[in-house]
Amino acid sequence: MSAKKGLHLTLKIWRQKNSKTKGQFETYKISDVSTDSSFLEMLDILNENLINEGKEPIAFDHDCREGICGMCSLYINGRAHGPDTGITTCQLHMRMFKDGETIVIEPWRSAAFPVIKDLMVDRSAFDRVMAAGGFISVNTSGNTLDANAIPVPKEDADKAMDAAACIGCGACVATCKNGSAMLFVGAKVSQYALLPQGRVEAKRRVLNMVKAMDEEGFGNCSNTGACEIECPKGISLENIARMNREYMAALVDQG
């Protein structure tokens, strides 16, 4: 039996030294890529070839490679995380591509996510939004009530867990034509707003997180729903609506 034929591909990859320099696409050829390999494994092979040729490898983000950490943020052929749904880039396999195909690979495109190098972007804006209110303050004096003893309706618990599934990869921002982070912030607000432990600081939380989001330069919601479609965890637009309700209620209460 003959061996399975690998893919021969043309890769157009964005190369950029840092956020202050002008980047450009560079073209690379790669041969005999197994259809069973992941997209990041394909980039590993390309980098190994470049190193062997004495050239600088391509910088890209990755960590767990299990669809959990959200670091593998690549814009592939015009889609966040590539031509598949419900997956991160590290879960994308080369069987999604055809032999002889040209693949265009870019970093996230957003003013709030400046390029660090090549395909790596700085997503610390998300960290600052979270620091503004994406947490609960817990009294650890020893007189606290066991969280498991607080009744929570199953429907609310399920919705909170669905919102908490957001991994902060930034695909929503990269996909939105306005570079909006409202799906991300909506998910982080919702996971607490739906639970009694999060209600204590609910008004301060949503006001601070929305303010931080605006200060970071994220755009307004475009209402096209592209963020939900490209989100690898299927975070619902319902969370944006909930955040808007929480925000308006907090503004009214603030006077």
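Since this is a predicted model, take the numbers as computed values, not measurements. (Residues numbered from 1 in each chain as written. Predicted model: local features only at pLDDT ≥ 70, side-chain atom pairs only at ≥ 80, totals over all residues. Heavy atoms only, no water.)

Here we come to unusual backbone geometry. The residue Asn-77 is not glycine, and still its phi comes out positive at about 50°. A positive phi is found at Asp-118, a non-glycine position, where the angle reads about 50°. Among the secondary structure elements, Asp-118 is positioned in the loop between strand E6 (115-117) and strand E7 (120-121). (Helix = DSSP H or I, 4+ residues; strand = E, 2+ residues; numbered from the N terminus.)

A few words now on the environment of Asp-158. Along the chain, Asp-158 falls in helix H3 (residues 154-164). Judged by its relative accessible area of 35%, Asp-158 is partly exposed. (Buried < 20%, exposed > 50% of the residue type's maximum accessible area, 1.4 Å probe, protein only.)

The subject of this paragraph is the environment of Phe-39. Structurally, the position occupied by Phe-39 is in helix H1 (residues 39-52). Excluding its chain neighbours within four sequence positions, the residues that come into contact with Phe-39 are Leu-74, Ile-76, Thr-89, Leu-92, His-93, Met-94, Phe-97, Ile-103 and Ile-105. (Contact = heavy atoms within 4.5 Å.)

Following the criterion strictly, the structure yields 7 aromatic pairs and no others. Seen from their ring centres, Trp-14 and Phe-25 are 5.1 Å apart, and the 80° between their planes marks the pair as edge-to-face. Of this pair, Trp-14 sits in strand E1 (residues 7-15) while Phe-25 is found in strand E2 (residues 24-33), placing the two residues 11 residues apart along the sequence. One aromatic cluster in this structure is built from Phe-113, Phe-126, Phe-184 and Phe-218. Residue placement shows Arg-109 over the ring face of Trp-14; its charged tip is 4.3 Å from the ring centre. (Phe/Tyr/Trp six-rings, centres within 6.5 Å; stacked < 30°, edge-to-face > 60°. Lys NZ or Arg CZ within 6 Å of the ring centre and 35° of its normal.)

Before going further, it helps to examine the sheet that holds E2. The 5 strands lie next to each other as E2-E1-E5-E3-E4, forming an open sheet whose pairing is mixed. The sheet terminates laterally at E2 and strand E4 (79-80), the two strands that pair on one side only. The pairing of E1 with E2 spans 8 bridges and is classified as antiparallel. Within E2, the position partnered with Leu-9 by the bridge is Ile-30. Those strands touched by H1 are E1, E2, strand E3 (75-76) and strand E5 (102-106), and its axis lies near 100° from that of E2. (Pairing = 2+ DSSP bridges. Axes fitted to C-alpha atoms, helices over the stretch in contact; angles between N-to-C directions.)

Put simply, helix H5 (residues 182-193) and helix H9 (residues 238-254) touch, their axes get as near as 8 Å, and they point 70° apart. Relative to H9, the element H5 is oriented roughly perpendicular. With respect to the hand of their crossing, H5 and H9 are arranged in left-handed fashion. Here Met-182, Leu-183, Val-185, Gly-186, Ala-187, Val-189, Ser-190 and Ala-193 of H5 come into contact with H9, specifically with Asn-239, Ile-240, Arg-242, Met-243, Asn-244 and Glu-246. Across the contact of H5 with H9, the residue classes tally to 8 nonpolar, 4 polar and 2 charged. (Parallel < 35°, antiparallel > 145°, perpendicular 65-115°, else oblique. Left-handed = near helix turned anticlockwise from the far one by under 90°. Nonpolar A, V, L, I, M, F, W, Y, C, P; charged D, E, K, R; others polar.)

What follows covers the pairing of E1. Among the 9 residues of E1, 7 are classified as buried, and the element is accordingly described as predominantly covered. Here 4 bridges tie E1 to E5, and the two strands are oriented parallel to one another. If you follow Lys-12 over to E5, its bridge partner there is Val-104.

As a further point, take the nonpolar core. One finds Trp-108, Val-129, Val-185, Met-213 and Phe-218 to be the most contacted residues of the largest nonpolar core, which totals 38 residues. Every element with two or more residues in this core is listed here: helix H2 (124-133), helix H4 (171-175), H5, helix H7 (202-215) and H9. A domain split of this core shows at least three residues from each of domain 1 (5-115) and domain 2 (122-251). With residues near it in sequence (within four places) discarded, Phe-218 still touches Ala-112, Phe-113, Ala-125, Phe-126, Val-129, Val-173, Gly-179, Ala-181 and Met-213. With 27 residues, the next largest nonpolar core counts Leu-9, Val-33, Cys-72 and Cys-90 among its residues. (Core = buried A, V, L, I, M, F, W, Y, C linked by side-chain atoms within 4.5 Å. Domains from an automatic or database assignment.)

Between side chains of opposite charge, pairing is possible as soon as their charged atoms come close. Evaluation of the coordinates by the stated rule reveals 15 salt bridges. A salt bridge links Glu-238 to Lys-159; its shortest N-O distance comes to 3.7 Å. One end of the pair, Glu-238, is in helix H9; the other, Lys-159, is in helix H3, with 79 residues separating them in the sequence. Here Glu-238 falls in the partly exposed class, since its relative accessible area comes to 37%. For Arg-205, the salt bridge goes to Glu-201, with nearest N and O atoms at 4.0 Å. (Salt bridge = Lys/Arg side-chain N within 4 Å of Asp/Glu carboxyl O.)

According to the domain assignment, the protein consists of domain 1 (5-115) and domain 2 (122-251). In this structure, domain 1 and domain 2 have C-alpha centres spaced 29 Å apart. At the interface, 19 residues of domain 1 touch 18 residues of domain 2. Both sides together, the interface formed by domain 1 and domain 2 hides about 1,500 Å², and carbon and sulfur atoms give 54% of it. (Buried area = accessible area lost by both parts, 1.4 Å probe.)

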